[in-house]
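As a plain string of letters, each chain reads:
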Amino acid sequence: MAVYKRTYTRYSGPLTSERWRCMIIPRYAFQTVLASRFYTGAFVLALVPHLIALLLIYFRSHIDALGGLGIDARGLQIISINGGFFINLFIVETFVSFFLVALLGPGLIAPDLANNAMPLYLSRPFSRAEYVIGKMSVLLTVTSLITWVPGLLLFSIQTALAGLSWSWDNFRILPAILLGSLLWLLTISLIALALSAWVKWRPVAAAALFGIFFVSAGFGTVTNALLLTRWGTLLNLASAMGMVWRWLFLNEMQYRVATFPFETMPSWTGLVSLVFVCGLALVLLAWKIRPAQVVR
Amino acid sequence: MQSDRLIVFDNVSKFYGEVLGINRITLSIAPGVTSLVGPNGAGKTTLMNLMTGLLRPTKGAIRVLDIPPSDPERFYRNIGYCSQFDAFPKGLSGYHMIHSMMSLHGFSGSEAESRTWNALERVGMTDAAHRRVAGYSKGMRQRIRLALALAHDPKVLVLDEPLNGLDPMARAEVIDLFRKFADSGMHVIISSHIMHEVDIVSDSVIMLSGGYVVAEGNIQGVRHEMEDHPIQILVRCDRPAVVASNVFQQDSVVEVKIHTDGRGLLVSTRNPDQFYDLLNRIVLENRIAVEGVSPADENVHAVYQYLVGSNGAGPL
């Protein structure tokens, strides 16, 4: 070979955008999810509450037509399609999405750490934050498909059936679906990833996630009972999110009725509680996800 | 040499809390094969992790080809790292592993694919490309790690124990590959416990002990600078006793041992050039048949023993 040909030459072709490179991380995770019947089944089950809501919205708008078919659906008139309707749907989805995250989350980071794979990722033009965003996007995508995406679809269908005036009267539902869902999904995704990073054994990480959810709720209840306070409610993630849901979905009058049991707790405290949990999860992730294994 | 062709450590220290990783290291590494040698805990992996930007120095600065680690896009374009750990995300095949890492480098789908196959071919792994990494043997995993390090055509290859787990044939092939990379102007930084292979492949050596660099450079040069340890020269000839009785004319000769087979002698001298002149004279005057003359301790192993092994440091 000619000497000049032996000189090292660098690639000078085009490169993909740095911004979207984190989306390479979930590529194989999605394949795993789609290839698993168990995950697919869980995903379909998670859509059931929205399917029921869709049927209720549809039948509620076609009571007369159903009557024409000989079906007496007048009982549906007691259901009002408003913030209260959507809040009940999303409180159910709070639990459903949590279960889905508990299934998927623990398997995302733990295998990489158990196999010392971090130097592989991070010895590329790729940061720790991008790694976490890439992993989190798996959870956010899957859970979005069972929460705010069908939620917005329901809102659109109801608007189409009831008219724009309904949409105008209930406009706060739209940002409530988006903001509330994103806050909740972000919180549970970060907790799941932090646990996945700290607990390398997947079943234990899943158990720990359920533990945090239920034990913190129990601890909150005990705190309330012992200290004769309501602040223990903030330790219960679902209750904290419930406060945020009510704050986002309900107008002032609906809110007063719905928040009676929590009247001593301002709604923003639920938001602060969830933001604090997110921050704690980020600290735990930053602590654990390091490019090089340090042997002390 | 221009700084854009060097790996430069400027007074670099790394501490893990109170534990010393490396201390006050100043180095300039030129292109070619450079081996890091030292006992366990000497700081080899820390040095490599610093070089690849995986660790930040506690003190000092590092520039690779004049690029600081704080510019990751350019920095990692030039660096290929092969860790000593069995570092693979679970469930992926060798092909998918390399392909996704190439995508992380920003190569388009087709470019990433061609680079993946090219790298797999270079390490002889095309047949097993679509098998899961979890099912690979130790040697196959080592090859995939190498393919991962070199697939994006880096200018600096940093390879932690790259010969571990490879059979002798594969070792010879990989060493040949390293030489080709070095000949094309690349930096190949390797750490290895296999001394004779370090000897064969290295252009220069960095010897570490207890977090400090104890020697650096061409191994012959390092050996000649060690004046405390006389150079040992093996002379294979038909009448070693005659040579032995004559070499003591020289003050610089400190020890002579006749080989057990009676066909040679081992001379320890502080001045090898003077000894070679004397040996010529002795051979001509006494009509001695010489089979060979070679330095016996101008190799990494001997230098390592003198510098590191003798002070009670841990085994290799």
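Residues numbered from 1 in each chain as written. Chains lettered and ligands numbered in written order. Predicted model: local features only at pLDDT ≥ 70, side-chain atom pairs only at ≥ 80, totals over all residues.

Enquirer: I would appreciate a short explanation of the overall build of chain B in the present structure.
Expert: A count of helices and strands for chain B gives 11 helices and 13 strands. Expressed as a percentage of the 316 residues in chain B, the buried residues total 43%. (Helix = DSSP H or I, 4+ residues; strand = E, 2+ residues; numbered from the N terminus. Buried ≥ 20, exposed ≤ 12 C-beta atoms within 10 Å, placed from the backbone.)

Enquirer: Whenever I open this one, the sheet that holds strand 6 (residues 156-160) of chain B confuses me. Can you help?
Expert: Pairing between sheet strands relies on hydrogen bonds along the backbone, with the strands arranged either parallel or antiparallel. Residue and element names in this part refer to chain B. Pairing within the open sheet is mixed, and its six strands lie in the order 5-6-7-3-8-9. Sheet topology places strand 5 (79-82) and strand 9 (212-217) at the edges, where each strand pairs with a single neighbour. Each neighbouring strand pair of the sheet contributes to a mean axis angle of 15°, computed without reference to strand direction. The pairing of strand 3 (residues 32-37) with strand 7 (residues 187-191) spans five bridges and is classified as parallel. Among the inter-strand pairings, Leu36 is bridged to a residue of strand 7, identified as Ser191. Here helix 5 (residues 138-150) sits on the sheet and contacts strand 5 and strand 6; the angle it forms with strand 5, its principal contact strand, is near 165°. (Pairing = 2+ DSSP bridges. Axes fitted to C-alpha atoms, helices over the stretch in contact; angles between N-to-C directions. Contact = placed C-beta atoms within 7 Å.)

Enquirer: What's the story with the nonpolar core in this structure? I'm lost.
Expert: For soluble globular proteins, the rule of thumb is that nonpolar side chains tend to be buried together. Grouped together as the largest cluster of nonpolar side chains are 152 residues, with contacts concentrated most on Leu193 of chain A together with Ile98, Ala147, Leu148, Leu157 and Met207 of chain B. For this core, the leading source of residues is helix 11 (residues 173-198) of chain A, giving 13 residues. Beyond its immediate chain neighbours, meaning those up to four positions away, Ala147 of chain B contacts Ile98, Ala119, Leu120, Arg122, Val123 and Met125 of chain B. Formed by 13 residues, the second largest nonpolar core is a distinct cluster that contains Val235, Val243, Phe275 and Leu278 of chain B. (Core = buried A, V, L, I, M, F, W, Y, C linked by C-beta atoms within 7 Å.)

Enquirer: What is the right way to read the interface of chain A and chain B from this model?
Expert: Contacts between chain A and chain B engage 32 residues on the former and 39 residues on the latter. A per-class count over the side of chain A that touches chain B returns 16 nonpolar, eight polar and eight charged. (Nonpolar A, V, L, I, M, F, W, Y, C, P; charged D, E, K, R; others polar.)

Enquirer: Just checking my understanding: could you explain the domain arrangement of chain B for this structure?
Expert: How big an interface is tends to be expressed through the accessible area that disappears when the partners come together. The domain boundaries assigned to chain B delineate domain 1 (3-223) and domain 2 (230-296). Computed over C-alpha atoms, the centres of domain 1 of chain B and domain 2 of chain B are 42 Å apart. (Domains from an automatic or database assignment.)

Enquirer: Looking at this structure, how should I read the pairing of strand 2 (residues 19-29) of chain B?
Expert: The side chains of a regular strand alternate between both faces of the sheet. Residues and elements named next belong to chain B. Of the strand pairs in this sheet, strand 1 (residues 7-16) and strand 2 are connected by seven bridges, and their pairing is antiparallel. In the sheet register, Val12 faces strand 2, and the bridge partner there is Ile25. The loop that links strand 1 with its antiparallel partner strand 2 comprises two residues; one of these, Gly17, has a positive phi angle of about 65°.

Enquirer: Got a minute to help me understand the packing of helix 5 (residues 83-104) of chain A against helix 11 of chain A in this structure?
Expert: The description of two packed helices rests on the angle between their axes and on the distance between the axes. Residues and elements named next belong to chain A. Axis separation between helix 5 and helix 11 bottoms out at 10 Å; the angle between their running directions is 20°. When the axis of helix 5 is compared with that of helix 11, the two are roughly parallel. Two packed elements cross with a definite hand, and for helix 5 against helix 11 that hand is right-handed. When helix 5 is examined against helix 11, the residues Gly83, Phe86, Phe90, Thr94, Ser97, Phe98, Val101 and Ala102 are found in contact with a partner set consisting of Ile173, Ile177, Gly180, Trp184, Leu185, Ile188, Ser189 and Ala192. The class makeup of the residues in the contact of helix 5 with helix 11 is 11 nonpolar, five polar and no charged. (Parallel < 35°, antiparallel > 145°, perpendicular 65-115°, else oblique. Left-handed = near helix turned anticlockwise from the far one by under 90°.)

Enquirer: Can you walk me through the packing of helix 3 (residues 94-104) of chain B against helix 5 of chain B in this structure?
Expert: All names here are of chain B. Packing of helix 3 against helix 5 leaves a shortest axis separation of 10 Å and a crossing angle of 20°. Judged by the inter-axis angle, helix 3 sits roughly parallel to helix 5. Handedness of the crossing formed by helix 3 with helix 5: right-handed. Facing Gly94, Met97, Ile98 and Met101 of helix 3, the residues of helix 5 in contact are Ile144, Ala147 and Leu148.

Enquirer: Teacher, can you tell me more about the sheet that holds strand 11 (residues 253-258) of chain B here?
Expert: All names here are of chain B. Within the open sheet, the four strands sit side by side as 11-12-10-13. Their pairing is antiparallel. Both edges of this open sheet fall to strand 11 and strand 13 (290-295), since each of them pairs with a single strand only. The sheet shows a mean angle of 15° between the axes of neighbouring strands, direction not considered. Here strand 11 runs beside strand 12 (residues 264-269); their pairing, made up of five bridges, is antiparallel. Within strand 12, the position partnered with Ile258 by the bridge is Leu265. Docked against the sheet, helix 9 (residues 240-247) engages strand 10 (231-237), strand 11 and strand 12, running at close to 165° with respect to strand 11. Helix 10 (residues 272-286) contacts strand 10, strand 11, strand 12 and strand 13 of the sheet and is inclined by roughly 15° relative to strand 10.

Enquirer: Where do I start with helix 6 (residues 106-114) of chain A in this structure?
Expert: Each α-helix winds once per 3.6 residues, and so residues spaced three or four apart point in a common direction. Residue and element names in this part refer to chain A. What helix 6 keeps buried is the set Pro106, Gly107, Leu108, Ile109, Ala110 and Asp112. Considering only its buried residues, helix 6 is in contact with helix 1 (25-35), helix 5, helix 7 (118-122), helix 8 (128-144), helix 11 and helix 12 (202-227). Taken from the residues just after helix 6, Asn116 is the one with a positive phi, measuring 55°.

Enquirer: Explanation requested: the environment of Ser294 of chain B in the structure shown.
Expert: All names here are of chain B. Mapped onto the fold, Ser294 is located in strand 13. You can call Ser294 exposed: it has 10 C-beta atoms within 10 Å. In this structure, the C-alpha to C-alpha distance between Ser294 and Val214, residues 80 residues apart in sequence, is 25 Å.

Enquirer: So what exactly am I meant to see when it comes to the environment of Leu6 of chain B here?
Expert: Residue and element names in this part refer to chain B. Inspection of the secondary structure assignment puts Leu6 in the segment before strand 1. You can call Leu6 partly exposed: it has 18 C-beta atoms within 10 Å. For the pair Leu6 and Ser100, spaced 94 residues apart in sequence, the C-alpha separation works out to 30 Å.

Enquirer: What am I meant to see in the pairing of strand 10 of chain B here?
Expert: Residue and element names in this part refer to chain B. Of the two faces of strand 10, only the one carrying Ile231, Ile233, Val235 and Cys237 is buried; Gln232, Leu234 and Arg236 on the other face are not. Pairing of strand 10 with strand 12, which is carried by six bridges, proceeds in the antiparallel orientation. Its bridge partner lying in strand 12, Ile231 is registered against Thr269.

Enquirer: Before we go on, may I ask you to explain the confidence of the model for chain A in this structure?
Expert: Detailed reading of the predicted coordinates is not advisable wherever pLDDT falls low. For chain A, per-residue confidence averages 85 on the pLDDT scale, and residues scoring 70 or more make up 91% of the total. Note that pLDDT drops below 50 for residues 1-6 of chain A; the model gives that stretch three contacts with residues more than four away or on any other chain. (pLDDT = per-residue confidence, 0-100.)

Enquirer: Just checking my understanding: could you explain unusual backbone geometry for this structure?
Expert: As a rule of thumb, non-glycine residues mostly have phi less than zero, and peptide bonds are mostly trans rather than cis. Residues and elements named next belong to chain B. The backbone phi angle of Arg24 is positive, close to 45°, even though this residue is not glycine. As for its placement among the helices and strands, Arg24 is situated in strand 2. Despite not being glycine, Asp153 shows a phi value in the positive range, around 55°.

Enquirer: What's the story with the confidence of the model for chain B in this structure? I'm lost.
Expert: Residue and element names in this part refer to chain B. Scored by pLDDT, chain B comes out at a mean of 85, with 96% of its residues at no less than 70. Mean pLDDT per element in chain B: helix 8 (residues 219-225) is the minimum at 74, and strand 4 (residues 59-64) is the maximum at 94. Segment residues 311-316: pLDDT under 50, and nine contacts once partners within four positions in sequence are set aside and those in other chains are kept. Model confidence for the complex is summarised by a pTM of 0.79, with the ipTM given as 0.75.

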